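Structural features, examined
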Amino acid sequence: MTALCTQESIYNLLPRVEEKPIKLPRYISTFRPSVKHEIEENRAPWKTMGPAKTEVPSPKKFLLKHSKEPKLPDRKRDEGRKRLLTIPSVPHVKDHPLMGIQSKKNFINTNAANVIMGVAKKPQPICVDTRQGNKYLLETSGLVPKYINKKDYGLTPKYVIKRNEEVKRAQEEYDAYVKETLRQKAMKQLSNEERESLLQGLKKNWEEVHYEFQGLSVEIDTLPKKIRKERLESQMKQLEHDINIIEKHKIIYIANK
């Protein structure tokens, strides 16, 4: 009830004049006409709303039969005349062929002389390997020793020599790479001076950590103090372990990674 009473007022009974907000004019670009003109020019069919505005085909121009079949070009008249000129003409009735032409050559004697004077044809060498008479050419059988008569018979081919040289060179490069890798990864012996300096450095680090450990409070009642104490203890143990190893071994090797 109190909220409703506070909203009521006598001034609300008076008529109020509604003040309409002043609306600013809408911004219109100066390039709008040129943009509209460019869009109208570049507009492609069927890329806007609705089909393209094209002329409707007339019903009088209907599709005719055989209208889409390929048509041959028109035949020229001169081509028929040229073809007729190339055909030989028919002989005349009064034309007679030449008769009584005979040759005086004796073909029998000529053939006999050619056979007598000609070189006899050598038969091809044939090999028979079965009792049934199966035969085949001897030259292509591999039984004729014709390859041993070549100049390069028994010599290593050039491509094999080249291949062997490449394999040998690759093996030498690989061996050199392995030797270089082993040399780089070889272990290095630590000298006495380096061993003593390393030992003194570890002892000095242990003294610093021990001094810091002695400065801790007697009562460890918080988590940070407990974590700090455990860290110092682990560091001291690791330093003591390293010192014992160096003091125990006189000769120390270091591996290169």
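Before reading on, note that the structure itself is shown above.
Residues numbered from 1 in each chain as written. Predicted model: local features only at pLDDT ≥ 70, side-chain atom pairs only at ≥ 80, totals over all residues. Heavy atoms only, no water.

**Some words on the overall build of the chain**
Let me state the cut-off plainly: Numbering goes from the N terminus for both helices and strands, where a helix is a DSSP run of H or I of at least four residues and a strand is a run of E of at least two. Buried, partly exposed and exposed residues are distinguished by accessible area as a fraction of the type maximum, computed with a 1.4 Å probe on protein chains only: under 20%, between the cut-offs, and over 50%, respectively. Here, two residues are considered to be in contact whenever any of their heavy atoms come within 4.5 Å of each other. Using a 1.4 Å probe, the Shrake-Rupley method yields the accessible areas, and only the shown protein chains count as cover for residues.
Looking only at helices and strands, one finds 7 helices and 4 strands in the chain. Ordering the α and β elements of the chain from the N terminus gives α-α-α-α-β-β-α-β-α-α-β. The buried share of the chain, taken over its 257 residues, is 5%. Of the contacts made within the chain by residues no fewer than 6 positions apart, 48% connect residues no fewer than 24 positions apart. Accessible area of the chain: about 27,000 Å², with a carbon and sulfur share of 58%.

**A closer look at the pattern of salt bridges**
We apply this condition: Throughout this description, the term salt bridge denotes a Lys or Arg side-chain nitrogen within 4 Å of a carboxyl oxygen of Asp or Glu.
The final tally for this structure, using the stated rule, is 5 salt bridges. The salt bridge involving Arg195 is made with Glu196; its shortest N-O contact spans 3.4 Å. For Glu196, a relative accessible area of 39% gives the class partly exposed. Salt-bridge contacts for Arg228 lead to Glu212; the nearest nitrogen and oxygen are separated by 3.2 Å. Of the two residues, Arg228 sits in helix α7 (residues 223-248) while Glu212 sits in helix α6 (residues 192-214), which places them 16 residues apart along the sequence. Given a relative accessible area of 37%, Arg228 falls into the partly exposed group.

**Quick notes on unusual backbone geometry**
The general pattern is negative phi for most residues beyond glycine and trans for most peptide bonds. Of note in this structure, His66 is not a glycine but carries a positive phi near 60°. With respect to the helices and strands, His66 occurs in the loop between α2 (32-42) and α3 (77-86).

**A look at the nonpolar core**
As a reminder, the rule being used: We define a nonpolar core as any set of buried Ala, Val, Leu, Ile, Met, Phe, Trp, Tyr and Cys residues linked to one another through side-chain atoms lying within 4.5 Å.
Counting 11 residues, the largest nonpolar core consists of Leu190, Leu199, Leu202, Val209, Leu216, Leu232, Met236, Leu239, Ile243, Ile246 and Ile252. For this core, the elements supplying multiple residues, two or more each, are α6 and α7. Here this core gets 5 residues from one element, more than from any other, and that element is α7. Sequence-distant contacts of Leu202, defined by excluding residues within four places in its chain, comprise Leu239, Asp242, Ile243 and Ile246.

**Section: a positive patch on the surface**
What counts, and what does not: Patch criteria: residues need more than 30% relative accessible area and no salt bridge. Like-charged residues are merged within 9 Å; nonpolar side chains of Val, Leu, Ile, Met, Phe, Trp and Tyr are merged within 5 Å. We score Asp and Glu as negative and Lys and Arg as positive, and we do not count His or the chain ends. Throughout, a charge is located at the NZ atom of Lys, the CZ atom of Arg, the CG atom of Asp or the CD atom of Glu.
On the surface, Lys23, Arg26, Arg32 and Lys36 cluster together into a patch of positive charge. Assignment of secondary structure puts Lys23 in the loop between α1 (2-7) and α2. Note on Lys23: relative accessible area 79%, which makes it exposed.

**Some points on the side chain of Arg195**
Tracing the backbone through its elements, the reader meets Arg195 in helix α6. Residues within four places of Arg195 in sequence aside, it is in contact with Leu190, Ile246, Glu247, His249, Lys250 and Ile252.

Everything listed here is a matter of geometry and, on its own, says nothing about what the molecule does.
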